[in-house]
Amino acid sequence: MELSKSEHRHFIIYKPYGFLSQFASNDSKQQSKKFLGLLHDFPVGIMPIGRLDEKSEGLLLLTTDGKMSDFVNSQKVDKEYYAQVNGDITLEAIEKLSNGVEIGFNGKKYQTKPCKVFKLDAIPELPVRSQKIRDDRHGPTSWVSIILNEGKFRQVRKMTSAVGFPTLRLVRVRVGNIHLSNMQVGDVVEVLGFD
C-alpha cells in the first residue's frame, strides 16, 4: 500500500564528513562505515534524495516519497556546492568549469554541462570539519561556488581536478530553494515537504 502524500515524511539533514549517504550495506567492506541511521531514528522506507560521497558534507534531503525523490534528482533542480580548492583558482579555470569540462565516469569520458561557477570573496561561515584540512603553510587555498543541475558520481571533485585545482573540502549548501542556512553538522530537521 502506497502512502498518501500527506503521510509521507521528509527530512533535511547536514550530512557529516565520513558518513555514507545510505542506511545500511550488504558489502562486508562497508560494515565499519558510518550510516545515516546513526543521526536519527528515521521512519521505515526513508531514502536519500541523491547522494554525497563519504568525504563530502552538507545538505542532504531524505524522503519516504519516491516521486519526490525522482523530481529532485531530475535535472530541473539546481544544487549548489562550496568547494575549497588547492591553490588560488584562476579566472581561466573558473571559465573552463563554467563551460563544462571532460571528466571520467564509469570508464568513459563525460563532458559536464555548462554551469554557474564563481570565486567566493570570503571564506564561507561553515562548521569546522571533524577531520582537519591542511593549513595554509602548504600553500594557498580558495573557495568557489559551483551550481549545477546534474550529479554524476564525485562530479564536482572531478571537475576541479580537471582544471588543476583539486577539491580539499566540499559542502553542498543548497538544493533548489532549500538552504543549509545555520544548520550544524549532524542536524536533522523534519519538514512538511520540499518546495
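It should be noted that the structure appears before, not after, this text.
Residues numbered from 1 in each chain as written. Predicted model: local features only at pLDDT ≥ 70, side-chain atom pairs only at ≥ 80, totals over all residues. Heavy atoms only, no water.

## Comments concerning the overall build of the protein
The condition that has to hold: For the purposes of this entry, the term helix denotes a DSSP run of H or I that reaches at least four residues, the term strand denotes a run of E that reaches at least two, and both are numbered from the N terminus. Computation of the radius of gyration draws on C-alpha atoms alone. For the globule rule, the value is 2.2 Å times the number of residues to the power 0.38. Note on exposure labels: buried denotes an accessible area under 20% of the residue type's maximum, exposed denotes more than 50%, and partly exposed covers the range between, all computed with a 1.4 Å probe on protein chains only. When checking whether two residues touch, look at their non-hydrogen atoms; a contact exists if any pair is within 4.5 Å.
Scanning the protein from terminus to terminus reveals three helices and 11 strands. In summary, the protein has a C-alpha radius of gyration of 17 Å against a globular reference of 16 Å for 195 residues, a match within 12%. Over its C-alpha atoms, taken along the principal directions, the protein stretches across nearly 55 × 35 × 30 Å. Residues counted as buried form 48% of the 195 residues belonging to the protein. Here the analysis covers contacts within the protein between residues at least 6 apart in sequence; of these, 71% occur between residues at least 24 apart.

## Observations regarding the environment of Thr-90
With respect to the helices, strands and loops of the structure, Thr-90 is situated in the loop between strand 4 (79-86) and helix 2 (91-99). Look at Thr-90 and you get partly exposed, because its relative accessible area is 34%. A C-alpha to C-alpha distance of 9.5 Å links Thr-90 and Val-163, two positions 73 residues apart in sequence.

## Focus on helix 2
We apply this condition: By construction, the arc corresponds to the directions joining the helix axis to the C-beta atoms.
If you check which residues of helix 2 are buried, you get Ala-93, Ile-94, Leu-97 and Ser-98. Down the axis of helix 2, the sector holding all buried residues measures 140°, keeping them to one side. Counted as exposed and oriented over 90 degrees from the buried face of helix 2: Leu-91, Glu-92, Glu-95 and Asn-99. Buried residues along helix 2 sit in contact with strand 7 (116-119) and helix 3 (155-162). Gly-100 lies just past helix 2 and shows a positive phi near 105°.

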